[in-house]
Amino acid sequence: MSNAPIPFLAFQSQHQPIREDILAAMARVYDSYWYVLGEEVAQFEKEYAAFNQVAQTVGVANGLDALVFALRALAIGPGDEVIVPSNTYIATWLAVTQVGATPVPVEPDPTTSNLNPELIAAAITPRTRAIMPVHLYGQACRMPEIMALAQQHGLYVVEDNAQSQGATFDGQLTGSFGHINGTSFYPGKNLGALGDAGAVTTNDAELAASVRVLRNYGSQQKYYNEVVGYNSRLDELQAAVLRIKLQHLLSWTSQRQQVAAWYDELLSGITGLQLPAIAAGATHVYHLYVVHTEQRDELQKHLAAQGIGSMIHYPVPPHRQQAYQDLNIPNGALPIAEKLAATCLSLPMWPGLSKENVEIVATAIRSFFGA
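Residues numbered from 1 in each chain as written. Predicted model: local features only at pLDDT ≥ 70, side-chain atom pairs only at ≥ 80, totals over all residues. Heavy atoms only, no water.

Per an unreviewed UniProt entry, the chain goes by Aminotransferase class I/II-fold pyridoxal phosphate-dependent enzyme and derives from Hymenobacter ginkgonis. In its Sequence similarities (unreviewed entry) section, the UniProt entry covering the chain states "Belongs to the DegT/DnrJ/EryC1 family." (UniProt positions renumbered as here; feature names shortened; annotations may be inferred.)

Below is the structure:
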């Protein structure tokens, strides 16, 4: 077996085979002499909409802006509440507060780490305007239940699909359930650009038009501004790169699922180690392969000592961040999120990760637990 270090994330196996295609796409943009809101963005928007089985995609500068614009297109703002997962990356909460609304956290299902639909109803108040489920780590949330609850209470749904492009629930793709949804193409994502990039997806042409105005200074016609907008446009170079990478996403997803299957097989039966669980009806595209153990910190050190990279997604839940101390949510108020944050560990995961390296990781973990 190889003694070379195993990083948490590596791009070589994805990027090397398509290097010439990527460089040709970048040269095409360079030679077009049109660098903002041109043909590459327009074509990527069509191609990603087709992939995600939605009518509209609007490219923006990053995933956080995608969520902010989705909320603004729905006219959600000061005085409104948005139900968010207690267990998520902070961008989900930041989008809510950036439009002046209040995030209302709801606990996850501890087996999947995703928002628990059974707990949402108790959090709805007369001020609630939307639910923002996050398809965490690559697994689809229980969207039919969430959509039914939203319809029952007259609420919008905004999916945060940053980690789960290509995941499904009951055969329907994430990012196509909600009224309007946001995704990220940050380089480490399953579909990653070579810098920051994001998009909004929706089947509502009016909402899409609103986002197109918001991303471009609040303007449809140059120098004529309808609303107070932003400068947040997916640029031509990133769109050209994403068009190439989108062609390979299904293959890369299959490779991630194979790596996860190897982990599942090699790590099964270890007392004290919880492996990823998938809800009935959901698929998982394994943006991350996350295990849980009460000995997380010790396990991470044990792996690092053997040259194996890992990461924690995420060490501090949003309600415990200094940024949200003004919400006055006491320590212990969201115990499931706090326990997940204290026990989660993301193992190496990327397309092209070899079975040999997965075996090395698994052997190190089994030795730690004496299994």
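On we go.
> Lay out the sheet that holds strand 1 (residues 56-60) in plain terms, naming residues and giving numbers.
If you trace the three strands from one edge of the open sheet to the other, you get 1-9-8, paired in antiparallel fashion. Two strands bound the open sheet, and with one partner strand each, they are strand 1 and strand 8 (181-184). On average, each strand axis in the sheet is inclined to that of its neighbour by 25 degrees, with strand direction left out of account. Looking at chain direction, strand 8 and strand 9 (residues 198-202) are connected through four bridges and run antiparallel. (Pairing = 2+ DSSP bridges. Helix = DSSP H or I, 4+ residues; strand = E, 2+ residues; numbered from the N terminus. Axes fitted to C-alpha atoms, helices over the stretch in contact; angles between N-to-C directions.)

> Give a detailed account of the side chain of Ser 86, specifying residues and quantitative values.
On the secondary structure map, Ser 86 appears in the loop between strand 2 (81-85) and helix 5 (91-98). Side-chain polar atoms of Ser 86 contact the side chain of Glu 107, separated by 2.7 Å. Residues in contact with Ser 86, not counting those within four places in the same chain, are Trp 93, Pro 105, Val 106, Glu 107, Pro 108, Pro 317, Pro 318, Leu 334 and Ala 337. (Polar contact = N/O pair within 3.5 Å; in protein donor to acceptor, adjacent residues only side chain to side chain. Contact = heavy atoms within 4.5 Å.)

> Can you break down helix 8 (residues 236-246) residue by residue, with the values?
Counting buried residues in helix 8 gives 10 out of 11 residues, a clear majority hidden from the surface. The backbone nitrogen of Leu 237 has a side-chain oxygen 2.9 Å away, supplied by the residue at the start of helix 8, namely Asp 235. (Buried < 20%, exposed > 50% of the residue type's maximum accessible area, 1.4 Å probe, protein only.)

> Could you give an account of the UniProt feature "active site" (unreviewed entry) in the chain, with specific residues and numbers?
On the UniProt side, "active site" (unreviewed entry) is annotated at positions that read Lys 189 here. The exposure class assigned to Lys 189 is buried, which follows from its relative accessible area of 16%.

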